[in-house]
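# Understanding the architecture of this molecule
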Amino acid sequence: MNERPSTSRATEPLHATRHCFAAPRFADESVVLADAYRLLDDAVIRYQGHPVGTMASLDPRAPADNYRDCFVRDFVSTAFLMLLEGRSEVVREFLALILRMRGQQEELEGQQIAPGVLPASFRVVTLDDGSEELSADFGDRAIGRVAPVDSMMWWTVLLRAYVRFTGDTAFAHTPEVQRGLRMILSLCLQSRFEVFPTLLVPDGSFMIDRRMGVFGHPLEIQALFDMTLRAADLLTVDEGSHWLIDLAATRRQVLRDYVRRYYWLDLDVLNEVHRFSTEKFGHDIDNVFNIYPESIPDWVPDWVPDNGGYFVGNLGPGRIDFRFFSQGNFLASLSGLATREQSRLQMQTMADRWDDLIGQMPVKLVYPAVTGSEWRLMTGSDPKNTPWSYHNGGNWPVLIWPMVAAAQVAGRQDLGERAYRVAEQRLMKDGWPEYYDGRHGRLIGRRANLHQVWSATGLLLARHLLEDPGRLAQLALTEDEDSAPRSGRGQGERGGGRA
Ligand code: GLC
């Protein structure tokens, strides 16, 4: 079959209101925003004449062919923009299309992927006779064959944003959407071998989609899991789904208590871990994961701020991954998985460790980088993930929008503004790189694509949020008072505290 990905330039701009912002805040800001919109327009993917997504990158030198695909996680920031800018029909089209592609996994040879799993990315292929075909990747073609666990989660977050923003509950109540939601929730809530309420996933199952020691119970997946469980409120209440709604609510409560309590790290918690006794059996013990104090990395004692705190990156038997993963921390604040106090302390950490976490480009994906034999063993000697590059301590511009959002939730709009200003000054000039390298993100990433679409949409979305913090609630990203589970441990306390 002779295939060509349909990447034709858009014939009309995707967004309806090009200059929808109030007066620019900084000199040249409007030039930067216009350039971001240009990149977005050029990246539009159409199917049967309608916009249905955006390519991940327009860099002709991108190292992998699938950068011309529309990635579900990448499109989410574009989709939020579309909602805010009056193009909700594009979002609806995207949501419906992704769901329809679910069927393609049944055609995969060999192993059956669980129902409910949604594709990492898709493309529109134009055949010789001019007809168009959708082609999805469920991780069966992706580099390293990584499982896109976060796709179904981002899809539910976006669905909820779409329904809340437009009031189109009729769409949520269509049989296809109800069926999709039930499959996703059932898959996440299936009983497995686990004793923890967190979700167990393989390596590279989310934004960090390469081997980086993020298998097990990574924070970002737990934050997205929490947001996915919240979407059970879109299920119609009937005989068939009542049990699922109840199960989702219970699990969410348990998950929240657990993450708030055990993932939280501040100086008090670190002191406890530092003095842990080990090899304890039974229920009423403090060191429940049997963490050896000797496993605390050298950088940790000096780095954990006096007046801040954050959620660690991963937790399991004998294992705390002390690294700071920005996206997981931001999403936890945003969705209310973190208590208010934890959100505040997390932003204090951003402020106190500004050079490490923001530096010359917001935001460091993971701090710190792994080096030497740890890098060799953890990444499999991955030359793209060398220390302080890409997923291993690179700075990712797309993270500006969750950073701004988390700052607003924590009442630190000033930090969001400050980070935005850093990003705004460099991104267009540098050609919208995918990521930056170096301890402080000073260099354009060695193997980074230019014209990376979510680097532009992340900035545009951050700009919307800065202009009107109420947009977070309009997009159903923050917790409503009435849908919040009962307060768990750690509410109002300093951090989560361990028993
Ligand atoms: C890289 C990133 C992934 C992103 C994809 C497309 O693989 O790690 O998070 O979705 O590029 O931009």
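Residues numbered from 1 in each chain as written. Predicted model: local features only at pLDDT ≥ 70, side-chain atom pairs only at ≥ 80, totals over all residues. Heavy atoms only, no water.

Between the first and last C-alpha of helix α17 (residues 453–467) there are 21 Å, a value that for 15 residues agrees with the 21 Å anticipated at 1.5 Å per step. Burial runs high along α17: 14 of the 15 residues are buried. (Helix = DSSP H or I, 4+ residues; strand = E, 2+ residues; numbered from the N terminus. Expected span 1.5 Å × (residues − 1). Buried < 20%, exposed > 50% of the residue type's maximum accessible area, 1.4 Å probe, protein only.)

What follows concerns the packing of aromatic side chains. In this description, a pair of aromatic rings is defined by centroid distance and the angle of the planes. Counted under the stated rule, the structure contains 22 aromatic pairs. Judged by centre distance (6.0 Å) and plane angle (40°), the rings of Phe196 and Tyr258 are tilted. Taken together, the residues Phe196 in the loop between α6 (175–189) and α7 (219–230) and Tyr258 in helix α8 (residues 239–263) connect sequence positions 62 residues apart. For Phe196, a relative accessible area of 17% gives the class buried. Through pairs of rings, three or more aromatic residues link up here, namely Trp299, Trp303, Tyr310, Phe324, Tyr367 and Trp388. Of note, Arg418 hangs over the ring of Trp354, and the distance from its end group to the ring centre comes to 3.9 Å. (Phe/Tyr/Trp six-rings, centres within 6.5 Å; stacked < 30°, edge-to-face > 60°. Lys NZ or Arg CZ within 6 Å of the ring centre and 35° of its normal.)

Of all six residues in strand β5 (residues 121–126), six are buried, a share of seventy percent or more. Across two bridges, the pairing between strand β4 (residues 70–71) and β5 is antiparallel. What sits directly across from Phe71, in β5, is Ser121. In this antiparallel pair of consecutive strands, β5 and strand β6 (residues 132–137), the connection spans five residues, and Gly130 shows a positive phi of 90°. (Pairing = 2+ DSSP bridges.)

Before going further, it helps to spend a moment on the site of the ligand. In the region of the ligand, the neighbouring residues are Ala56, Tyr67, Phe71, Arg73, Asp74, Met207, Asp209, Tyr390, His391, Glu434, Gln452 and Trp454. Within the side chain of Asp74, one N or O atom sits 2.5 Å away from an oxygen atom of the ligand. His391 places a side-chain nitrogen or oxygen 2.7 Å from an oxygen atom of the ligand. Alone, the ligand offers 310 Å² of accessible surface; in the complex the protein occludes 96% of this. Across the shell around the ligand, the residue classes break down as six nonpolar, two polar and four charged. (Near = heavy atom within 4 Å. Polar contact = N/O pair within 3.5 Å; in protein donor to acceptor, adjacent residues only side chain to side chain. Areas by Shrake-Rupley, 256 points an atom, 1.4 Å probe, with all protein chains shown as cover. Nonpolar A, V, L, I, M, F, W, Y, C, P; charged D, E, K, R; others polar.)

Another aspect to go through is the confidence of the model for the protein. Of the residues in the protein, 90% have a pLDDT of 70 or more, and the chain-wide mean is 91. Low pLDDT (under 50) marks residues 1–11, which in the prediction has 28 contacts with non-local residues, meaning those over four places away or in another chain. The low-confidence segment residues 486–499, where pLDDT is below 50, has 40 contacts with residues more than four positions distant or belonging to other chains. (pLDDT = per-residue confidence, 0-100. Contact = heavy atoms within 4.5 Å.)

This paragraph deals with the nonpolar core. Counting 162 residues, the largest nonpolar core has Phe80, Phe122, Trp155 and Met403 as the members making the most contacts within it. At 11 residues, the largest contribution of residues to this core is made by helix α4 (residues 149–166). Leave out the neighbours within four places in its chain, and Phe80 touches Val157, Leu158, Ala161, Trp401, Leu461, Leu475 and Leu477. (Core = buried A, V, L, I, M, F, W, Y, C linked by side-chain atoms within 4.5 Å.)

As a further point, take the pattern of salt bridges. Oppositely charged side chains can pair when the atoms bearing their charge come close. Counted by the stated rule, this structure contains 24 salt bridges. The salt bridge partner of Arg256 is Asp226, with a shortest N-O separation of 3.0 Å. Within this pair, whereas Arg256 is found in helix α8, its partner Asp226 is found in helix α7, the two being separated by 30 residues in sequence. For the pair Arg256 and Asp226, a shared accessibility class is recorded, and that class is buried. Taken together, the shared-partner salt bridges connect Asp226, Arg230, Arg252, Arg256 and Glu479 into one network. (Salt bridge = Lys/Arg side-chain N within 4 Å of Asp/Glu carboxyl O.)

So, about unusual backbone geometry. Among all residues except glycine, the phi angle is most often negative; among peptide bonds, the trans geometry is most common. That bond from Pro362 to Val363 is cis: its omega, 0°, falls within 30 degrees of zero. Structurally, Val363 is set in the loop between α13 (354–357) and β12 (366–367). Across the junction of Tyr367 and Pro368, the peptide omega takes the value -10°, indicating a cis bond. Turning to its location among the elements, Pro368 is positioned in the loop between β12 and α14 (372–379). For Glu279, which is not a glycine, the phi torsion comes out positive at approximately 60°.

Spanning 25 residues, α8 covers 36 Å between terminal C-alpha atoms, matching the ideal 36 Å at 1.5 Å per step. Backbone nitrogen of Ser241 and a side-chain oxygen of the N-cap are separated by 2.9 Å at the start of α8; the cap is Asp238.

At a minimum axis separation of 9 Å, helix α1 (residues 29–42) and α17 run at an interaxial angle of 130°. Overall, the two elements α1 and α17 adopt an arrangement that is oblique. As α1 runs across α17, the sense of the crossing is left-handed. Where α1 abuts α17, its residues Glu29, Val32, Leu33, Ala36, Tyr37, Leu39 and Leu40 lie against Val453, Ala456, Thr457, Leu459, Leu460, Arg463 and His464. A per-class count over the contact of α1 with α17 returns 10 nonpolar, two polar and two charged. (Axes fitted to C-alpha atoms, helices over the stretch in contact; angles between N-to-C directions. Parallel < 35°, antiparallel > 145°, perpendicular 65-115°, else oblique. Left-handed = near helix turned anticlockwise from the far one by under 90°.)

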